[in-house]
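Architecture and fold: a report
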Amino acid sequence: MRPPPRTPRWRSALASLGARNPRSARAWASIALLATSVTCIGSTWSATGELHWPELVATGSLVALSAALLLLPVVVTAPLVVLAPLSGSATVLWLDLVTRDAGVTGRAFFTVPVIWAASQLRTGGAVVVTAATIAADAVVAGVLLPRQEAVTTSAYTATLLVLVTATLARGAWKQDRLVEQLRRQARTDPLTGLVTRRVLDAATEQVAAAGSPAALVVIDIDRFKCVNDTHGHLGGDAALAHVAGLIAQHCREHDVVARMGGDELAVLMPDCPPAVAVERAERFVQAVREAPLVLPGGRRVPLSISAGLAAVPQDARAARDLYASADSALYAAKRAGRDRLARA
């Protein structure tokens, strides 16, 4: 398919602050924000015996942010999730100053938003939250402790928070990399390097729904069983990879070339009028006919393919009907003697 347009830099920067799993993260962030608002009210009341408008405004803001994360679409809330741990750090800062607690019991809570951010957010978000939390801890220490003690304890806390973030973020990065590798393997056929049927199905659904001129070509290697029987399964694998490479060479960048299974291949040609699609599919047949497979021993194995072509919207308007029409044309090509293209 045609590559997606380049994302603006500011959008990329904003996305780097978002959650690795937006749907899960926003639910937990909403719960954490509600718990933080209750803690803020309760701790302030216990420490001072009264509530003033700053506490009420801060609590109302946390509740409003929690509601927004739950009610707005995931695509909108993904970059906003970073506000949850930032709010947590700000709340710990506020409570430590209100209760004048600069000891371990008060400042230890600064690790909570950092741990959450490092495990749930992308690298950019984790770095921002860690930096903000280190700054908040420095404010608490600077206001409530003697200068020398404030510098020392702030340095210890900053080192601890950086190590926590680095350890958890590295683990999350490795996990994301492994997941992406598994997804890539699920999208790509290991023998031919073509995409899998799942990718083709998704692209075909998209093309059929758009209704713009497009074509699907379904391809079989002629007498593939004889190739396997004569040259073994390694020879058959080589033949399949050889044909796949020839077809891919004659495709455009945004065409979808897939292995359907066994020796069956398919090419989806978006934005391609039927007459042009027929010419290009004929070139597939000709290219395979003119380029025999050369085995490691130097033996040349002539190959040919049969192909069936169906077009949108002339032959079908739904993806399933497009497959059926192309498949029927493929069998017509086989009945007509193979090594040819048939049109639905």
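Quick caveat: nothing in here was measured; it's all calculated off a predicted structure. (Residues numbered from 1 in each chain as written. Predicted model: local features only at pLDDT ≥ 70, side-chain atom pairs only at ≥ 80, totals over all residues. Heavy atoms only, no water.)

Describing the packing of helix α10 (residues 197-210) against helix α13 (residues 319-335)
Interhelical geometry of α10 versus α13 gives an angle of 110° and a closest axis separation of 9 Å. Our classification of the angle between α10 and α13 gives roughly perpendicular. Along the contact surface, α10 presents R197, L200, D201, T204, E205 and A208, while α13 presents A319, L322 and Y323. Considering only residue class, the contact of α10 with α13 consists of five nonpolar, one polar and three charged. (Axes fitted to C-alpha atoms, helices over the stretch in contact; angles between N-to-C directions. Helix = DSSP H or I, 4+ residues; strand = E, 2+ residues; numbered from the N terminus. Parallel < 35°, antiparallel > 145°, perpendicular 65-115°, else oblique. Contact = heavy atoms within 4.5 Å. Nonpolar A, V, L, I, M, F, W, Y, C, P; charged D, E, K, R; others polar.)

What to know about unusual backbone geometry
In this structure, the amide linkage connecting V312 to the following residue, P313, adopts the cis form with an omega of 5°. Along the chain, P313 turns up in the loop between β6 (305-312) and α13. With a phi angle near 70°, R338 is a residue other than glycine that sits in the positive phi range. With respect to the secondary-structure elements, R338 resides in the loop between α13 and β7 (341-343). A relative accessible area of 29% places R338 in the partly exposed class. Even without a glycine there, the phi angle at D339 is positive, about 55°. Along the chain, D339 falls in the loop between α13 and β7. (Buried < 20%, exposed > 50% of the residue type's maximum accessible area, 1.4 Å probe, protein only.)

Comments concerning the sheet that holds strand β3 (residues 264-270)
Two pairing modes exist for strands in a sheet, parallel and antiparallel, and in both the strands are linked by backbone hydrogen bonds. As summarised here, the arrangement of the five strands in space is β2-β3-β1-β6-β7, forming an open sheet in which the pairing is mixed. Among the strands making up the open sheet, the edge pair consists of β2 (256-261) and β7. Within the sheet, the average angular offset between the axes of one strand and its neighbour, ignoring direction, is 20°. Pairing of β6 with β7, which is carried by three bridges, proceeds in the parallel orientation. Counterpart to L309 in the pairing with β7 is R343. Against the sheet, helix α12 (residues 274-290) contacts β1 (214-221), β3, β6 and β7, and its axis sits at roughly 165° relative to β6. (Pairing = 2+ DSSP bridges.)

A closer look at the pattern of salt bridges
This model, assessed by the stated rule, comprises nine salt bridges. Of the charged contacts, one joins D339 and R289 as a salt bridge, the two residues approaching to 3.0 Å between their closest N and O atoms. One end of the pair, D339, is in the loop between α13 and β7; the other, R289, is in helix α12, with 50 residues separating them in the sequence. The class for R289 is partly exposed, based on a relative accessible area of 43%. Overlapping salt bridges bring together R252, D255 and R280 as one network. (Salt bridge = Lys/Arg side-chain N within 4 Å of Asp/Glu carboxyl O.)

Some remarks on the packing of helix α5 (residues 83-99) against helix α7 (residues 111-120)
Running from amino to carboxyl end, α5 crosses α7 at an angle of 170°, the nearest separation of the two axes being 8 Å. In terms of axis orientation, α5 runs roughly antiparallel to α7. Two secondary-structure elements touch here, α5 through P85, G88 and S89 and α7 through P113, W116 and A117. Residue classes in the contact of α5 with α7 are distributed as four nonpolar, two polar and no charged.

Description of α10
Structurally, the α-helix is built with 3.6 residues per turn, so residues lying three or four positions apart point the same way. In a regular helix each residue adds 1.5 Å, so 14 residues correspond to 20 Å; α10 covers 20 Å between its end C-alpha atoms and thus fits that length. Within α10, the full set of buried residues consists of L200, A203, T204, V207 and A208. Angularly, the buried residues of α10 cover 135° about the axis, an arc narrow enough to put them on a single face. The exposed set on the far side of α10, more than 90 degrees from its buried face, consists of R198, Q206, A209 and A210. At its buried positions, α10 is contacted by β1, β2, β3 and α13. Once α10 finishes, G211 follows within two positions and takes phi at roughly 75°, a positive value. (Expected span 1.5 Å × (residues − 1). Arc of directions from axis to C-beta.)

What to know about the nonpolar core
Core analysis: the biggest nonpolar cluster contains 32 residues, and I219, I247, V267, F284 and I305 have the highest contact counts within it. Secondary-structure elements contributing two or more residues to this core are β1, α11 (224-249), β3, α12 and β6. Among the elements that make up this core, the one with the highest residue count is α11 (eight residues). Judged by nonpolar contacts, the second largest core, of 18 residues, contains L200, A203, Y323 and L330. (Core = buried A, V, L, I, M, F, W, Y, C linked by side-chain atoms within 4.5 Å.)

Focus on the side chain of R259
When you line up the elements, R259 lands in strand β2. For R259, the side chain forms a polar contact with the side chain of D189, separated by 3.2 Å. Only 3.0 Å separates the side chain of R259 from the backbone oxygen of G262, close enough to count as a polar contact. Beyond its immediate stretch of four places on either side in the chain, R259 contacts D189, L191, T192, L194, V195, T196, R197, L240, E264 and L265. (Polar contact = N/O pair within 3.5 Å; in protein donor to acceptor, adjacent residues only side chain to side chain.)

A look at the packing of aromatic side chains
Tallying each qualifying case throughout the model produces zero aromatic pairs. Above the plane of the ring of Y323 lies R197, whose end atom (NZ or CZ) is 4.6 Å from the centre. (Phe/Tyr/Trp six-rings, centres within 6.5 Å; stacked < 30°, edge-to-face > 60°. Lys NZ or Arg CZ within 6 Å of the ring centre and 35° of its normal.)

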